[in-house]
Amino acid sequence: MPIPQHINSDRASGEFQWSGTDTQARWDENWKNKNNRDFLRNLKDFKYHYNSHGFRTAEFTDEACILALGCSHTEGVGVPVGNTWPSVLETQSNNTVYNLGVGGAGIDTVYRLLVHYAVELNTLAVVINVPPAVRFEIKTEVEWETVSVHSSNQSDFMKTWFLHDENSNLHQEKTVAAIQWFCYLNDIPLTLVYADDEQYIDKTTKFNQGRDLMHHGKQYHCNVATAIHRQLKQQFSQKNMQ
């Protein structure tokens, strides 16, 4: 089965200093503010490493694993790999967790990656940090492209689509339902959280952000991992009793 293409496919087996909104230009701009420097200095040197499938995770093996899917809040744009919620979940659960998060991805990307890797790998469970609803994916002549409310090349159709929240919300609901049905048919426990759920955001700490000062920082990832781990333990316990 062909490997699904995604935004980070061209980063396969590579090492990079920057990713997504975490750029040199943004770093330079944020560094101009002296109040940011103590925080940013601690994040200066980490890099992004990708496996041969273009994911910020270890190379895949035949061992039993948990699949973590989502957008930049899963890939961990702006934070060291050890602080991403899939890495924290791996430590908490004592299971191999593969991070299939892709910055800029929507729920369509999550679905495409899920139906491929959930059957290709030895999957114990699937956990998804659902991307914002205001994104969907279209196939162009050369690649799959994520379109969002922020896209500059919107057609009249897209403008109409994003003008009414009902379109994005319904699209997200349908795709989540498809994911749930796929996991049910394949007897794979599924846990869902939502990337824009404010209960995971630490608002008490001034600098709880990523290196780009746009994405969430270490505490957010820890909160997401802890919530997912709690749900997974319940699911595994219920499955073992059946």
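We now turn to the structure provided with this report. Computed from a prediction, not measured in an experiment: that's the story for all the values here.

**Regarding the environment of Phe39**
Part 1 of the argument: Examined against the element boundaries, Phe39 turns out to sit in helix α2 (residues 37-41).
Part 2 of the argument: A sequence separation of 155 residues divides Phe39 from Tyr194, and the C-alpha atoms of the two residues are 27 Å apart.

**With respect to the packing of helix α6 (residues 156-163) against helix α7 (residues 165-185)**
Part 1 of the argument: Look at α6 against α7: their axes get within 4 Å of each other, and the N-to-C directions meet at 85°. Relative to α7, the element α6 is oriented roughly perpendicular. Residues Thr160, Trp161, Phe162 and Leu163 of α6 lie in contact with α7, whose contacting residues are Asp165, Asn167, Ser168 and His171.

**Remarks on the side chain of His221**
Part 1 of the argument: Looking at the secondary structure, you find His221 in helix α8 (residues 218-241).
Part 2 of the argument: A relative accessible area of 2% means that His221 is categorised as buried.
Part 3 of the argument: Once you skip the residues sitting within four places of it in the chain, His221 turns out to touch His73, Gly76, Val79, Asn83, Thr84, Trp85 and His216.

**Observations regarding unusual backbone geometry**
Part 1 of the argument: Despite not being glycine, Asn94 has its phi angle at roughly 60°, a positive value.
Part 2 of the argument: Assessed through its relative accessible area of 70%, Asn94 is described here as exposed.
Part 3 of the argument: Positive phi, close to 60°, is recorded for Leu213, a residue that is not glycine.
Part 4 of the argument: Structurally, Leu213 can be placed in the loop between β8 (190-194) and α8.

**Quick look at helix α4 (residues 85-93)**
Part 1 of the argument: Burial in α4 covers these residues: Trp85, Pro86, Val88, Leu89 and Ser93. All buried residues of α4 project into a common sector of 155° when viewed along the axis, lining one side.
Part 2 of the argument: Looking at the residues trailing α4, positive phi occurs at Asn94, about 60°.

**Things to note about the pattern of salt bridges**
Pairing is possible between side chains that carry opposite charge, provided their charged atoms lie close to one another.
Part 1 of the argument: A full pass over the atoms with the stated rule returns five salt bridges.
Part 2 of the argument: We note a salt bridge from Glu15 to Lys47, for which the minimum N-O separation is 3.4 Å. Note that Glu15 is positioned in strand β1 (residues 15-16) and Lys47 in the loop between α2 and β2 (48-49), a separation of 32 residues in sequence.
Part 3 of the argument: By relative accessible area, which is 36% here, Lys47 ends up partly exposed.

**Focus: the sheet that holds strand β5 (residues 123-130)**
Part 1 of the argument: Judged by pairing direction, the sheet is parallel, and its four strands sit side by side in the order β4-β3-β5-β8 without closing on themselves. Every interior strand has two partners, whereas the edge strands, β4 (96-99) and β8, have only one. Between one strand axis and the next, the sheet turns through 20° on average, direction left out of account.
Part 2 of the argument: With four bridges connecting them, strand β3 (residues 65-70) and β4 associate as parallel partners. Looking across to β4, one finds that Ala68 is bridged to Asn99.
Part 3 of the argument: Relative to the sheet, α4 contacts β3, β4 and β5, its axis offset from that of β4 by approximately 170°.
Part 4 of the argument: Relative to β8, α7 is tilted by about 160°, and along the sheet it contacts β5 and β8.

**A few points about the side chain of His229**
Part 1 of the argument: By the secondary structure assignment, His229 is in helix α8.
Part 2 of the argument: Sequence-distant contacts of His229, that is, excluding residues within four places in its chain, are made with Leu89, Gln92 and Ser93.

**So, the nonpolar core**
Part 1 of the argument: If you look at the biggest cluster of nonpolar residues, it comprises 26 residues, and the most contacted ones within it are Leu67, Leu69, Val126 and Ile128.
Part 2 of the argument: Those elements that place two or more of their residues in this core are β3, α5 (107-120), β5, α7 and β8.
Part 3 of the argument: Element by element, the count of residues in this core is highest for α5, at six residues.
Part 4 of the argument: Sequence-distant contacts of Leu67, defined by excluding residues within four places in its chain, comprise Tyr98, Leu100, Tyr117, Ala118, Leu121, Thr123, Ala125, Val126 and Val127.
Part 5 of the argument: Core analysis: the next-biggest nonpolar cluster, separate from the first, contains 17 residues, Leu89, Ala125, Ala225 and Ala227 among them.

About the criteria used
Residues numbered from 1 in each chain as written. Predicted model: local features only at pLDDT ≥ 70, side-chain atom pairs only at ≥ 80, totals over all residues. Heavy atoms only, no water. Helix = DSSP H or I, 4+ residues; strand = E, 2+ residues; numbered from the N terminus. Axes fitted to C-alpha atoms, helices over the stretch in contact; angles between N-to-C directions. Parallel < 35°, antiparallel > 145°, perpendicular 65-115°, else oblique. Contact = heavy atoms within 4.5 Å. Buried < 20%, exposed > 50% of the residue type's maximum accessible area, 1.4 Å probe, protein only. Arc of directions from axis to C-beta. Salt bridge = Lys/Arg side-chain N within 4 Å of Asp/Glu carboxyl O. Pairing = 2+ DSSP bridges. Core = buried A, V, L, I, M, F, W, Y, C linked by side-chain atoms within 4.5 Å.

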